[in-house]
Amino acid sequence: NLRVLLRERPKDRPGPEHFELSEGPRPTAAKGEVLVRHRFLSLDPYMRGRMDDAASYARPVPLGGVMEGECVGEVVESQHPGFAPGDWVGGARGWQRYSVAPGGTLLKLPKEGGVPPTAWLGVLGMPGVTAWVGVTEIGQPRPGETFVVSAASGAVGGVAGQVAKQMGARVIGIAGGAEKCRYVTETLGFDACLDHRGDLEAALDAACPEGIDVYFENVGGAVQEAVFPRMREFGRMAFCGTVATYNVRPPPPGPNLSSINRKRLRLQGFIVSDHPRAWPVWRQRGAAWIRDGRLKWKEDVVQGLENAPEAFIGLLEGRNFGKLVVAL
Ligand code: NDP
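Residues numbered from 1 in each chain as written. Predicted model: local features only at pLDDT ≥ 70, side-chain atom pairs only at ≥ 80, totals over all residues.

K.L.:
I keep staring at the nonpolar core and nothing clicks. Help me out?
P.N.:
Inside soluble globular proteins, nonpolar side chains tend to come together where they are buried. Within the largest apolar cluster, 39 residues are counted, with the highest numbers of intra-cluster contacts made by Val-148, Ala-152, Ala-160 and Phe-216. At 6 residues, the largest contribution of residues to this core is made by helix 3 (residues 155-166). In this structure, Ala-152 is in contact with Gly-157, Gly-158, Gly-161, Gly-173, Ile-174, Ala-175, Val-184, Phe-190 and Cys-193, ignoring residues within four places of it in sequence. Counting 16 residues, the second largest nonpolar core, distinct from the first, contains Val-72, Val-89, Tyr-98 and Leu-121. (Core = buried A, V, L, I, M, F, W, Y, C linked by C-beta atoms within 7 Å. Buried ≥ 20, exposed ≤ 12 C-beta atoms within 10 Å, placed from the backbone. Helix = DSSP H or I, 4+ residues; strand = E, 2+ residues; numbered from the N terminus. Contact = placed C-beta atoms within 7 Å.)

The structure is reproduced here in C-alpha coordinates:
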(Lines give C-alpha, C1' and ligand atoms only; values in the text may rest on other atoms or scores of the structure.)
Protein backbone atom coordinates (compact mmCIF):
# COMPACT_ATOMS: atom_id res chain seq x y z
CA ASN A 1 0.00 0.00 0.00
CA LEU A 2 1.80 3.10 -1.23
CA ARG A 3 1.29 6.00 1.17
CA VAL A 4 2.45 9.56 1.70
CA LEU A 5 3.44 10.27 5.28
CA LEU A 6 4.13 13.52 7.07
CA ARG A 7 7.87 13.46 7.71
CA GLU A 8 8.38 16.90 9.19
CA ARG A 9 6.23 19.91 10.05
CA PRO A 10 6.92 22.84 7.69
CA LYS A 11 7.89 26.18 9.20
CA ASP A 12 6.18 28.13 6.43
CA ARG A 13 6.00 26.81 2.86
CA PRO A 14 5.76 23.03 2.60
CA GLY A 15 8.44 21.38 0.48
CA PRO A 16 9.07 17.82 -0.66
CA GLU A 17 11.29 17.29 2.38
CA HIS A 18 8.22 17.41 4.63
CA PHE A 19 6.67 14.34 3.01
CA GLU A 20 7.78 10.75 2.79
CA LEU A 21 6.69 8.13 0.30
CA SER A 22 6.35 4.78 2.02
CA GLU A 23 5.23 1.28 1.10
CA GLY A 24 3.08 -0.30 3.80
CA PRO A 25 1.12 -3.53 4.04
CA ARG A 26 -2.20 -3.66 2.22
CA PRO A 27 -4.95 -3.62 4.87
CA THR A 28 -7.72 -6.21 4.98
CA ALA A 29 -11.38 -5.71 5.81
CA ALA A 30 -12.75 -7.08 9.08
CA LYS A 31 -16.44 -7.66 9.73
CA GLY A 32 -18.51 -4.62 8.80
CA GLU A 33 -15.59 -3.08 6.92
CA VAL A 34 -14.81 -2.38 3.30
CA LEU A 35 -11.42 -2.35 1.55
CA VAL A 36 -11.24 0.44 -1.01
CA ARG A 37 -8.73 0.92 -3.83
CA HIS A 38 -8.49 4.71 -3.98
CA ARG A 39 -8.82 6.12 -7.49
CA PHE A 40 -8.87 9.88 -6.81
CA LEU A 41 -7.54 11.86 -3.85
CA SER A 42 -8.79 15.36 -3.11
CA LEU A 43 -6.16 17.98 -2.27
CA ASP A 44 -7.52 20.91 -0.30
CA PRO A 45 -6.05 23.98 1.41
CA TYR A 46 -7.10 22.77 4.89
CA MET A 47 -4.40 20.11 4.69
CA ARG A 48 -1.79 22.78 5.32
CA GLY A 49 -3.32 23.28 8.77
CA ARG A 50 -3.15 19.54 9.47
CA MET A 51 0.62 19.67 8.93
CA ASP A 52 0.99 22.03 11.91
CA ASP A 53 0.60 20.95 15.49
CA ALA A 54 -1.08 24.20 16.56
CA ALA A 55 -4.44 23.93 18.27
CA SER A 56 -7.20 23.99 15.70
CA TYR A 57 -10.67 22.66 15.03
CA ALA A 58 -9.17 19.40 13.80
CA ARG A 59 -6.37 17.20 15.03
CA PRO A 60 -2.99 17.49 13.29
CA VAL A 61 -1.58 14.62 11.28
CA PRO A 62 0.94 12.93 13.61
CA LEU A 63 4.54 12.90 12.48
CA GLY A 64 5.00 9.71 10.49
CA GLY A 65 1.24 9.46 9.97
CA VAL A 66 -0.54 9.18 6.64
CA MET A 67 -1.52 12.57 5.23
CA GLU A 68 -5.19 13.35 5.64
CA GLY A 69 -7.46 13.60 2.62
CA GLU A 70 -10.67 12.36 1.11
CA CYS A 71 -10.75 9.82 -1.72
CA VAL A 72 -13.16 8.14 -4.06
CA GLY A 73 -12.39 4.65 -5.19
CA GLU A 74 -13.51 1.11 -5.93
CA VAL A 75 -14.46 -1.54 -3.43
CA VAL A 76 -12.12 -4.51 -3.73
CA GLU A 77 -13.28 -6.48 -0.69
CA SER A 78 -16.40 -6.07 1.38
CA GLN A 79 -17.42 -7.48 4.76
CA HIS A 80 -20.41 -5.14 4.82
CA PRO A 81 -23.77 -6.10 3.29
CA GLY A 82 -24.21 -2.69 1.67
CA PHE A 83 -21.16 -2.91 -0.59
CA ALA A 84 -19.84 -5.29 -3.20
CA PRO A 85 -16.55 -5.41 -5.12
CA GLY A 86 -16.68 -3.00 -8.05
CA ASP A 87 -18.86 -0.44 -6.26
CA TRP A 88 -17.54 3.11 -6.38
CA VAL A 89 -17.52 4.84 -3.01
CA GLY A 90 -16.66 8.19 -1.48
CA GLY A 91 -15.53 8.85 2.06
CA ALA A 92 -12.34 6.78 1.94
CA ARG A 93 -9.44 8.59 3.54
CA GLY A 94 -5.72 9.24 3.34
CA TRP A 95 -2.99 9.93 0.79
CA GLN A 96 -2.68 6.25 0.01
CA ARG A 97 -3.72 3.59 -2.50
CA TYR A 98 -5.86 1.49 -0.17
CA SER A 99 -7.82 2.03 2.99
CA VAL A 100 -10.25 0.10 5.09
CA ALA A 101 -13.29 1.79 6.56
CA PRO A 102 -16.49 0.79 8.31
CA GLY A 103 -19.19 0.51 5.64
CA GLY A 104 -21.31 3.06 7.50
CA THR A 105 -18.75 5.80 6.86
CA LEU A 106 -18.71 5.32 3.08
CA LEU A 107 -21.03 6.78 0.48
CA LYS A 108 -21.97 4.52 -2.42
CA LEU A 109 -21.71 6.56 -5.60
CA PRO A 110 -24.50 6.13 -8.14
CA LYS A 111 -23.42 4.41 -11.37
CA GLU A 112 -25.78 6.45 -13.51
CA GLY A 113 -26.58 10.15 -13.46
CA GLY A 114 -23.80 11.53 -15.58
CA VAL A 115 -21.74 12.64 -12.58
CA PRO A 116 -18.08 11.62 -12.77
CA PRO A 117 -16.61 10.18 -9.56
CA THR A 118 -14.27 13.15 -9.10
CA ALA A 119 -17.29 15.46 -8.76
CA TRP A 120 -17.93 13.85 -5.37
CA LEU A 121 -14.62 15.33 -4.19
CA GLY A 122 -15.33 18.83 -5.51
CA VAL A 123 -18.54 20.33 -6.76
CA LEU A 124 -20.72 17.74 -4.98
CA GLY A 125 -18.25 17.08 -2.20
CA MET A 126 -16.84 19.03 0.72
CA PRO A 127 -15.97 22.19 -1.26
CA GLY A 128 -19.40 22.29 -2.91
CA VAL A 129 -21.17 21.95 0.42
CA THR A 130 -18.90 24.65 1.84
CA ALA A 131 -19.98 27.03 -0.91
CA TRP A 132 -23.64 26.17 -0.43
CA VAL A 133 -23.54 26.77 3.33
CA GLY A 134 -21.51 29.97 3.06
CA VAL A 135 -23.83 31.50 0.50
CA THR A 136 -27.25 30.35 1.68
CA GLU A 137 -26.73 30.46 5.44
CA ILE A 138 -24.21 33.27 5.93
CA GLY A 139 -23.91 35.53 2.89
CA GLN A 140 -27.61 35.31 1.99
CA PRO A 141 -27.47 37.50 -1.12
CA ARG A 142 -30.74 39.06 -2.18
CA PRO A 143 -31.77 39.68 -5.77
CA GLY A 144 -29.84 42.58 -7.27
CA GLU A 145 -27.21 42.68 -4.53
CA THR A 146 -23.53 42.66 -5.38
CA PHE A 147 -21.82 39.43 -4.36
CA VAL A 148 -18.03 39.18 -4.55
CA VAL A 149 -16.10 35.94 -4.16
CA SER A 150 -12.33 35.42 -4.16
CA ALA A 151 -10.52 32.36 -5.57
CA ALA A 152 -13.48 32.44 -7.94
CA SER A 153 -12.21 29.79 -10.35
CA GLY A 154 -11.54 27.34 -7.52
CA ALA A 155 -13.47 24.49 -5.99
CA VAL A 156 -15.38 26.55 -3.43
CA GLY A 157 -15.46 29.94 -5.14
CA GLY A 158 -16.74 28.63 -8.45
CA VAL A 159 -19.73 26.99 -6.80
CA ALA A 160 -20.34 29.90 -4.41
CA GLY A 161 -20.68 32.38 -7.27
CA GLN A 162 -23.02 30.12 -9.21
CA VAL A 163 -25.26 29.61 -6.19
CA ALA A 164 -25.34 33.37 -5.59
CA LYS A 165 -26.20 33.88 -9.24
CA GLN A 166 -29.11 31.46 -8.90
CA MET A 167 -30.30 33.58 -5.96
CA GLY A 168 -30.42 36.63 -8.19
CA ALA A 169 -27.26 38.44 -7.13
CA ARG A 170 -24.84 40.29 -9.37
CA VAL A 171 -21.76 38.13 -9.02
CA ILE A 172 -18.20 39.41 -9.27
CA GLY A 173 -15.33 36.98 -9.01
CA ILE A 174 -11.72 37.69 -8.10
CA ALA A 175 -9.07 35.39 -9.53
CA GLY A 176 -5.40 35.31 -10.44
CA GLY A 177 -4.72 35.89 -14.13
CA ALA A 178 -6.60 36.49 -17.36
CA GLU A 179 -7.20 32.84 -18.14
CA LYS A 180 -8.89 32.12 -14.82
CA CYS A 181 -10.95 35.31 -15.14
CA ARG A 182 -12.11 34.36 -18.62
CA TYR A 183 -13.21 30.94 -17.39
CA VAL A 184 -15.11 32.54 -14.50
CA THR A 185 -17.15 34.81 -16.76
CA GLU A 186 -17.47 32.71 -19.91
CA THR A 187 -17.96 29.25 -18.44
CA LEU A 188 -19.25 29.87 -14.93
CA GLY A 189 -21.39 32.82 -16.02
CA PHE A 190 -20.30 35.37 -13.40
CA ASP A 191 -21.10 38.98 -14.34
CA ALA A 192 -17.43 39.96 -14.11
CA CYS A 193 -14.13 38.69 -12.82
CA LEU A 194 -11.28 40.86 -11.56
CA ASP A 195 -7.61 39.90 -11.71
CA HIS A 196 -6.04 40.42 -8.29
CA ARG A 197 -2.61 40.62 -9.91
CA GLY A 198 -3.63 43.97 -11.39
CA ASP A 199 -4.92 47.06 -9.59
CA LEU A 200 -7.66 45.32 -7.67
CA GLU A 201 -8.83 48.42 -5.81
CA ALA A 202 -9.52 50.30 -9.03
CA ALA A 203 -11.13 47.24 -10.59
CA LEU A 204 -13.42 46.82 -7.57
CA ASP A 205 -14.41 50.48 -7.71
CA ALA A 206 -15.32 50.11 -11.37
CA ALA A 207 -17.15 46.79 -11.00
CA CYS A 208 -18.92 47.62 -7.72
CA PRO A 209 -19.62 51.37 -7.85
CA GLU A 210 -22.27 51.01 -5.11
CA GLY A 211 -20.05 48.81 -2.97
CA ILE A 212 -20.24 45.14 -2.00
CA ASP A 213 -23.21 43.59 -0.24
CA VAL A 214 -21.79 40.12 0.29
CA TYR A 215 -18.18 39.01 0.30
CA PHE A 216 -17.32 35.33 0.27
CA GLU A 217 -13.79 35.29 1.66
CA ASN A 218 -11.48 32.55 0.46
CA VAL A 219 -8.02 34.12 0.36
CA GLY A 220 -7.34 36.93 2.88
CA GLY A 221 -4.23 39.07 2.49
CA ALA A 222 -4.18 41.89 -0.04
CA VAL A 223 -7.50 40.84 -1.60
CA GLN A 224 -9.21 41.12 1.76
CA GLU A 225 -7.63 44.50 2.36
CA ALA A 226 -9.04 45.78 -0.91
CA VAL A 227 -12.52 44.42 -0.22
CA PHE A 228 -13.05 45.52 3.39
CA PRO A 229 -13.42 49.29 2.84
CA ARG A 230 -15.75 48.67 -0.09
CA MET A 231 -18.36 46.77 1.89
CA ARG A 232 -21.79 48.38 1.96
CA GLU A 233 -23.85 49.07 5.04
CA PHE A 234 -25.43 45.88 6.36
CA GLY A 235 -23.11 43.84 4.16
CA ARG A 236 -22.28 40.27 5.06
CA MET A 237 -19.05 38.35 4.85
CA ALA A 238 -18.93 34.59 4.69
CA PHE A 239 -15.49 34.01 6.16
CA CYS A 240 -14.65 30.71 4.55
CA GLY A 241 -10.87 30.69 4.52
CA THR A 242 -7.71 32.74 4.00
CA VAL A 243 -5.51 30.56 1.84
CA ALA A 244 -3.08 33.41 1.11
CA THR A 245 -2.05 33.37 4.77
CA TYR A 246 -1.63 29.64 5.37
CA ASN A 247 2.12 29.64 4.67
CA VAL A 248 2.89 33.00 6.26
CA ARG A 249 4.95 32.68 9.48
CA PRO A 250 4.96 34.69 11.63
CA PRO A 251 1.44 35.87 10.80
CA PRO A 252 1.22 39.37 9.33
CA PRO A 253 0.83 42.21 11.86
CA GLY A 254 -2.67 43.08 13.01
CA PRO A 255 -5.36 40.77 14.31
CA ASN A 256 -5.26 37.35 12.77
CA LEU A 257 -8.57 37.34 10.96
CA SER A 258 -8.30 33.64 10.20
CA SER A 259 -9.56 33.18 13.78
CA ILE A 260 -12.96 34.33 12.51
CA ASN A 261 -13.09 31.23 10.41
CA ARG A 262 -11.23 28.76 12.61
CA LYS A 263 -13.22 29.63 15.72
CA ARG A 264 -16.51 30.31 13.87
CA LEU A 265 -16.72 33.83 15.27
CA ARG A 266 -19.58 36.05 14.24
CA LEU A 267 -18.78 39.73 13.75
CA GLN A 268 -21.67 42.09 13.36
CA GLY A 269 -21.34 45.83 13.33
CA PHE A 270 -24.17 47.94 14.68
CA ILE A 271 -25.23 51.53 15.31
CA VAL A 272 -27.51 52.18 18.25
CA SER A 273 -29.77 54.54 16.34
CA ASP A 274 -30.80 51.65 14.09
CA HIS A 275 -32.49 50.04 17.08
CA PRO A 276 -35.22 52.44 18.19
CA ARG A 277 -37.27 49.70 19.82
CA ALA A 278 -34.46 48.91 22.24
CA TRP A 279 -34.44 52.38 23.80
CA PRO A 280 -37.70 52.25 25.80
CA VAL A 281 -37.01 48.63 26.72
CA TRP A 282 -33.65 49.45 28.26
CA ARG A 283 -34.83 52.68 29.92
CA GLN A 284 -37.48 50.74 31.78
CA ARG A 285 -35.19 47.82 32.63
CA GLY A 286 -32.25 50.05 33.65
CA ALA A 287 -34.38 52.29 35.87
CA ALA A 288 -35.76 49.25 37.67
CA TRP A 289 -32.22 47.92 38.22
CA ILE A 290 -31.11 51.28 39.60
CA ARG A 291 -34.03 51.27 42.02
CA ASP A 292 -33.28 47.79 43.33
CA GLY A 293 -29.52 48.46 43.52
CA ARG A 294 -28.44 46.06 40.77
CA LEU A 295 -27.07 48.72 38.41
CA LYS A 296 -24.07 50.85 39.46
CA TRP A 297 -22.26 53.64 37.68
CA LYS A 298 -19.78 56.41 38.21
CA GLU A 299 -19.74 59.99 37.01
CA ASP A 300 -16.81 62.32 36.42
CA VAL A 301 -18.24 65.82 36.76
CA VAL A 302 -16.31 68.78 35.40
CA GLN A 303 -17.38 72.20 36.61
CA GLY A 304 -17.97 75.04 34.14
CA LEU A 305 -18.59 75.14 30.42
CA GLU A 306 -15.22 76.85 29.96
CA ASN A 307 -13.60 73.61 31.03
CA ALA A 308 -15.52 71.53 28.48
CA PRO A 309 -12.85 71.63 25.73
CA GLU A 310 -10.09 70.49 28.06
CA ALA A 311 -12.35 67.80 29.53
CA PHE A 312 -13.24 66.59 26.07
CA ILE A 313 -9.59 66.45 25.04
CA GLY A 314 -8.92 64.48 28.22
CA LEU A 315 -11.74 62.08 27.39
CA LEU A 316 -9.92 61.07 24.25
CA GLU A 317 -6.76 60.46 26.27
CA GLY A 318 -8.34 58.50 29.09
CA ARG A 319 -8.18 61.23 31.73
CA ASN A 320 -11.85 60.86 32.65
CA PHE A 321 -12.92 58.26 35.19
CA GLY A 322 -16.55 57.36 34.68
CA LYS A 323 -19.22 59.07 32.61
CA LEU A 324 -17.91 62.53 31.81
CA VAL A 325 -20.43 65.33 32.24
CA VAL A 326 -20.02 69.06 32.53
CA ALA A 327 -21.90 70.99 35.19
CA LEU A 328 -22.82 74.33 33.68
P1 NDP B 1 -9.05 26.61 -4.71
O2 NDP B 1 -9.43 25.54 -5.67
O3 NDP B 1 -9.78 27.91 -4.81
O4 NDP B 1 -7.49 26.82 -4.77
C5 NDP B 1 -6.85 27.81 -4.01
C6 NDP B 1 -6.84 29.14 -4.76
O7 NDP B 1 -6.57 30.17 -3.84
C8 NDP B 1 -5.73 29.27 -5.79
O9 NDP B 1 -6.05 28.66 -7.00
C10 NDP B 1 -5.58 30.76 -5.92
O11 NDP B 1 -6.58 31.24 -6.81
C12 NDP B 1 -5.97 31.25 -4.52
N13 NDP B 1 -4.75 31.65 -3.82
C14 NDP B 1 -3.80 30.85 -3.33
N15 NDP B 1 -2.81 31.57 -2.78
C16 NDP B 1 -3.18 32.86 -2.94
C17 NDP B 1 -2.56 34.10 -2.60
N18 NDP B 1 -1.38 34.12 -1.96
N19 NDP B 1 -3.22 35.26 -2.90
C20 NDP B 1 -4.40 35.22 -3.54
N21 NDP B 1 -5.02 34.08 -3.91
C22 NDP B 1 -4.41 32.92 -3.61
O23 NDP B 1 -9.23 26.06 -3.22
P24 NDP B 1 -10.60 25.68 -2.50
O25 NDP B 1 -11.75 26.12 -3.31
O26 NDP B 1 -10.51 24.27 -2.09
O27 NDP B 1 -10.54 26.56 -1.15
C28 NDP B 1 -10.84 27.94 -1.17
C29 NDP B 1 -10.90 28.45 0.25
O30 NDP B 1 -11.94 27.81 0.96
C31 NDP B 1 -9.64 28.20 1.07
O32 NDP B 1 -9.37 29.33 1.87
C33 NDP B 1 -10.02 27.03 1.94
O34 NDP B 1 -9.27 26.96 3.12
C35 NDP B 1 -11.48 27.37 2.21
N36 NDP B 1 -12.30 26.25 2.66
C37 NDP B 1 -12.99 26.42 3.82
C38 NDP B 1 -13.83 25.45 4.27
C39 NDP B 1 -14.62 25.69 5.50
O40 NDP B 1 -15.28 24.76 5.98
N41 NDP B 1 -14.61 26.90 6.03
C42 NDP B 1 -13.98 24.17 3.58
C43 NDP B 1 -13.26 24.13 2.32
C44 NDP B 1 -12.43 25.14 1.90
P45 NDP B 1 -6.32 32.61 -7.66
O46 NDP B 1 -5.14 32.34 -8.52
O47 NDP B 1 -7.57 32.79 -8.41
O48 NDP B 1 -6.07 33.68 -6.65
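K.L.:
Quick question: what am I supposed to make of the site of the ligand here?
P.N.:
Around the ligand, 26 residues are found, and the nearest of them are Gly-154, Val-156, Gly-176, Gly-241 and Ala-244. Sorting the residues of the shell around the ligand by element identifies helix 2 (126-139), helix 3 and helix 6 (221-227) as the ones contributing at least two each. Within the shell around the ligand, the residues separate by chemical class into 13 nonpolar, 11 polar and 2 charged. When we break the shell around the ligand down by domain, the ones giving at least three residues each are domain 1 (2-117) and domain 2 (126-272). (Near = placed C-beta within 6 Å. Nonpolar A, V, L, I, M, F, W, Y, C, P; charged D, E, K, R; others polar. Domains from an automatic or database assignment.)

K.L.:
Even after reading the chapter, I still don't get the sheet that holds strand 12 (residues 231-239), so can you show me in this structure?
P.N.:
Within a sheet, adjacent strands bond to each other through the backbone by hydrogen bonds, running parallel or antiparallel. Spatially, 10-9-8-11-12 is the arrangement adopted by the 5 strands of the open sheet, whose pairing is parallel. Every other strand in the sheet has two partners, leaving strand 10 (192-195) and strand 12 as the edge strands with one partner each. Direction aside, the axes of adjacent strands within the sheet are offset by 20° on average. Sheet contacts for helix 2: strand 8 (146-150), strand 11 (212-217) and strand 12; angle to strand 12, the most-contacted strand, approximately 145°. On top of the sheet, helix 5 (residues 200-207) reaches strand 9 (170-175) and strand 10; it is set at about 165° to strand 10, its chief contact. (Pairing = 2+ DSSP bridges. Axes fitted to C-alpha atoms, helices over the stretch in contact; angles between N-to-C directions.)

K.L.:
Quick question: what am I supposed to make of the packing of helix 2 against helix 3 here?
P.N.:
The geometry of a pair of packed helices is captured by two quantities: the angle between their axes and the separation between those axes. Two elements in contact, helix 2 and helix 3, have axes separated by 8 Å at closest approach and are oriented at 40°. Taken together, helix 2 and helix 3 sit at an angle that is classed as oblique. Handedness of the helix 2/helix 3 crossing: right-handed. Across the interface between the two elements, Pro-127, Gly-128, Thr-130, Ala-131, Trp-132, Gly-134, Val-135 and Thr-136 of helix 2 pack against Ala-155, Val-156, Val-159, Ala-160, Val-163 and Ala-164 of helix 3. Broken down by class, the residue content of the contact of helix 2 with helix 3 amounts to 10 nonpolar, 4 polar and no charged. (Parallel < 35°, antiparallel > 145°, perpendicular 65-115°, else oblique. Left-handed = near helix turned anticlockwise from the far one by under 90°.)

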